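# Understanding the architecture of this molecule
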Amino acid sequence: MNEPITNLWSVPLLVMIPILTAIVVNLLYNKARAIRVISIGAAIAVLAISVVSPYGFHWFAGHPAVNADGTYTFTASVFSWKLSLEYYYGPLQQILIAVTSLLLLFVVVIATKSLSKNYGPYVAIVFLTYVSAAAVIMTNDFYNLWIAVELGSLLVAGLVASSGTGYAQKAALKYTFFSALAGSGLAISLGLILGITGYANITDAIHFLMTNDLGGMHAVLYVAFAFLALAWVYAGGLIPVHPLKSDVYRSAFPHATVLLQAQSKLMLVAIGIVLLRMFGALPFAREVMLSISVLTMIIGIVMALIQTDFRWTLAYIIVSHSGLVTVGLSLGTYKGIVGGLFQAVNDIIYMSILLLCCEMLLYFGKGTSIKFNGGIAKKSPWLAAFVILGTFAASGIPPFNGFQSELIIIQAALEQSLPEVAAVVLMVSISTFIALFRAVYSIFLKPGEDHPVRQSEAKRFEIPTTVFVFLSVLLAISFVLGVYPQLALGFLTESALKVVFVPWVP
Amino acid sequence: MIDTFMTVAYLMVIGVTIGAVAALLQKDLLRAAYITGAESIALAFLFHALLAPDLGLTQAIVGTVLMPGIIILAILKTRRREESD
Amino acid sequence: MIEVSLQLLGFIAATILVVVGIAGMLFLDNLIKKLIAFTLLSDGVNLALVSLGYVQGGIVPILEPGASISEFPNSAALIFGPGIVLTNIVIGVSTTAILAALIVALYKRCGSLKASKVLKGERE
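Summarised in this report is the structure supplied together with it. (Residues numbered from 1 in each chain as written. Chains lettered and ligands numbered in written order. Predicted model: local features only at pLDDT ≥ 70, side-chain atom pairs only at ≥ 80, totals over all residues. Heavy atoms only, no water.)

### Topic: the interface of chain A and chain C
Test applied: A contact between two residues is defined here by any heavy atoms of the two lying within 4.5 Å. When two components associate, each loses some accessible surface as probed by a 1.4 Å sphere; the sum of these losses over both components is called the buried area. A carboxyl oxygen of Asp or Glu within 4 Å of a side-chain nitrogen of Lys or Arg is what we treat as a salt bridge. Under the DSSP-based scheme used, a helix requires at least four consecutive residues in state H or I and a strand at least two consecutive residues in state E, with every element numbered from the N terminus. Residues were grouped as follows: Ala, Val, Leu, Ile, Met, Phe, Trp, Tyr, Cys and Pro as nonpolar; Asp, Glu, Lys and Arg as charged; and all remaining residues, including Gly, as polar.
Taken residue by residue, the interface counts 29 residues in chain A and 32 residues in chain C. Regarding the contact of chain A and chain C, the summed buried area is about 2,900 Å², with carbon and sulfur atoms giving 76% of it. Among the residues of chain A in contact with chain C, Lys170(A), Leu173(A) and Phe177(A) are the three that bury the most area, contributing 23% of the side total. Along the contact surface separating chain A from chain C lie zero salt bridges. For the side of chain A that touches chain C, the elements supplying multiple residues, two or more each, are helix H5 (142-161) and helix H6 (166-197) of chain A. When residues in the side of chain A that touches chain C are grouped by element, the largest group, 18 residues, is from H6(A). Of the residues belonging to the side of chain A that touches chain C, the class tally is 16 nonpolar, nine polar and four charged.

Given below as structure tokens:
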């Protein structure tokens, strides 16, 4: 395909609007109304840009091989690209960034409403977290990938620590120490890949690996894979890091966790696709990725089953379902990758429903432990309805979106003759239902103890209209994707095809 | 024949090593922060020797002023000596 | 005496720094000591990346006004390592700042700098 060389207008806007908003909002001290207007406006602008933007590239340096008529050729044979630093905005990027922008809008509205007056820095961190997620999914070079992952982990620490409890600060400190270790490993991996191939651009590097014989340098490639996989694990919260990451999820405000889980799923998808494209041909690479994912699913769901607090159950279920995303990716087939990407989209949506319900539960002022609650369904039937439908979506019950992606992953695992993996996916889906419904039953449905004074004051509780709208929108998306999965699959098939058949194309 | 340049490089590597170990063994945290500053100067020389003078300048500024400055601020806000038990 | 090139010397120093840094981060109990160990680790990584780009008998990769352009690619040191290092120094500073802020906040809460005391996994 021939296209004229123009940088896409929307990519720098998607990155720069949130950064500028973060700077401006950070400077506005004690001006609650201005902060609210600016941040909501920026979130809406970003959402609109991500929806209407066409697909294309944005180059920061270097240029492709140019034809005489000012176009460039997009084939393997004429491959004299020196793209270096490059962003790519395609269908996969569009759907993931659009969903994340929607969540950013919700998070900003809730954050500017529920917190005290001086929340400028907090909103700034929220916007920067969004930037790190958007940059990591759009980038097609190791340099920007590394910076996005590093800054993303620092921002996670900031977002968690700003919830102010001692437990959150401890979780942030532990996570930052580990990210310092793993980030150094990522820098070394980057140096090794640059040393072997000489290209910062992932497309160029993969093309170099495919056309040149490395000879004795293969061992270096394994070291680079190991360090990059370590970064994948810590950015997404897979198995050895799951205690740190689940601490992070449960000690942040639930509305911040909405963005945190979206960010870590985007990191998992972005780095996982890079790992597949770059190292998928190495022996044992996919096996290592697959075993990490399966262990994450099993241990995450077992930990979720033994928790006695709704927040902690949700934290471990997020960890476990990250494993579900990466199982699909690391199967490495076309169907598996489509299933993994679709699962990432679905997971972000239904986990947001449950986390927003958890945030509403905190408004009752009785905490989220399953021991001290009961009978919320009577006081707020809408909230109970939303949380039960969210549970259905999360545990893969047919009319909702979780079912479709889990079905694709199970089919992909069976096609690869890995019935064990399929069984584990089924087990995770059933245990998710058990773990969630246990908490939902004892918090919402079980008749609560009757304190006549308390009941009268709690009866007046209603969900705020904004949150009601957000939950309805998310549930509607979940339902529509469950009934018409082709709507989302149309966005995902192209990149899955590229990863499997032409891995050097972004 | 003794190569002066390589001798200085050896000395700087030894300096980096001693600085790193000494900073971690030092009981007085404030002194440990100063020692990391000294270690950074040796490191900046090594950067110069390894044909990256721009990084040598950056490392000299960041490693001797900014990093110890942040650590010293943290120490002043907390406590100077390590707890014994 | 064994002939040691400057590049190997750089790698040796980098290895020492990385090993000392990781050991300090894992085994020292004081949080500020852990922070200092992290700065040593990031210094070690920087030194390793700079040493990767070293060329024996090469020149500094800056094109002087009178220099010959044809000779330059053959003799100049490789710049990809240093390109990363400049960013890594900045990231190291920001990580140090965030860690220091969290350590101060936790010290105000717990009154101690001992990791075994501060980071205990008790649930609130």
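Picking up after the structure, the text goes on.
### Describing the packing of helix H8 (residues 218-236) of chain A against helix H10 (residues 254-279) of chain A
Residue and element names in this part refer to chain A. Formally: To get an axis, a line is fitted to the C-alpha atoms, and for a helix only the part in contact is used. The angle between two axes follows their N-to-C directions and goes from 0 to 180 degrees. Angle categories: roughly parallel below 35 degrees, roughly antiparallel above 145, roughly perpendicular from 65 to 115, and oblique for all the rest. Helix crossings fall into two classes, left-handed where the near helix is turned counterclockwise from the far one by less than a right angle and right-handed where it is turned clockwise.
Two elements in contact, H8 and H10, have axes whose closest approach is 8 Å; the angle formed by their N-to-C orientations is 165°. Taken together, the axis directions place H8 and H10 in an arrangement best described as roughly antiparallel. For the crossing formed where H8 meets H10, the hand is left-handed. From H8, Leu221, Ala224, Phe225, Leu228, Ala229, Ala231, Trp232, Ala235 and Gly236 reach across to H10, where they touch Ser264, Met267, Leu268, Ile271, Gly272, Val274, Leu275 and Phe279. The residue makeup of the contact of H8 with H10, split by class, is 14 nonpolar, three polar and no charged.

### Side note on the interface of chain C and chain B
Stated formally: In the analysis that follows, any N or O atom pair within 3.5 Å is treated as a polar contact, provided that within protein one partner can donate a hydrogen and the other can accept it, and provided that, for residues neighboring in sequence, both atoms belong to side chains.
With 49 residues of chain C in contact, the opposing surface of chain B contributes 43 residues. The largest share of the area that chain C buries against chain B comes from Leu6(C), Leu9(C) and Lys33(C), three residues that together contribute 15% of it. The interface formed by chain C and chain B holds zero salt bridges in total. Taken together, the links from chain C to chain B amount to three residue pairs in polar contact (both at pLDDT 80 or more). For the side of chain C that touches chain B, the secondary-structure elements that each account for two or more residues are helix H1 (6-27), helix H2 (31-52) and helix H4 (80-110) of chain C. Broken down by element, the side of chain C that touches chain B gets its largest block of residues, 13 residues, from H2(C). The residue inventory of the side of chain C that touches chain B, partitioned by class, reads 32 nonpolar, 13 polar and four charged.

### Details of unusual backbone geometry
All names here are of chain A. Stated formally: Each residue gets one of three labels from its accessible area relative to the maximum for its type: buried under 20%, exposed over 50%, partly exposed in between, using a 1.4 Å probe on protein chains only.
For Phe284, which is not glycine, the phi torsion reads 75° and is therefore positive. Taking relative accessible area as the criterion, Phe284 reaches 61% and is therefore assigned exposed. Look at Ser417: it is not a glycine, yet its phi comes out positive at around 50°. For Ser417, the position within the fold is in the loop between helix H16 (401-415) and helix H17 (419-445). Among the residues examined, Ser417 registers a relative accessible area of 56% and is labelled exposed.

### Overview of the pairing of strand E2 (residues 56-59) of chain A
Residues and elements named next belong to chain A. What counts is decided by this rule: The rule for pairing is simple: two strands pair if DSSP sees at least two bridges between them.
Judged by which residues are buried, E2 turns out to be covered on both faces: Gly56 and His58 on one side and Phe57 and Trp59 on the other are all buried. In this sheet, strand E4 (residues 86-89) lies alongside E2 in antiparallel orientation, the contact comprising four bridges. Paired with Trp59 across the bridge in E4 is Glu86.

### Thoughts on the packing of aromatic side chains
Residues and elements named next belong to chain A. So the rule is basically this: The aromatic pairing rule takes the rings of Phe, Tyr and Trp, using the six-membered ring of Trp, and pairs them if the centres are within 6.5 Å, calling planes under 30 degrees apart stacked, those over 60 edge-to-face and the rest tilted.
One pass over the structure, following the stated rule, counts 14 aromatic pairs over all chains. Seen in terms of ring centroids, Phe392 and Phe433 are 6.2 Å apart; in terms of plane orientation they differ by 25°. Their pairing is stacked. Taken as a pair, Phe392 in helix H15 (residues 381-394) and Phe433 in helix H17 lie far apart in primary sequence, 41 residues in all. When its relative accessible area of 28% is taken as the criterion, Phe433 is described as partly exposed. Joined through ring pairs, the aromatic side chains of Tyr175, Phe178 and Tyr234 make up one cluster.

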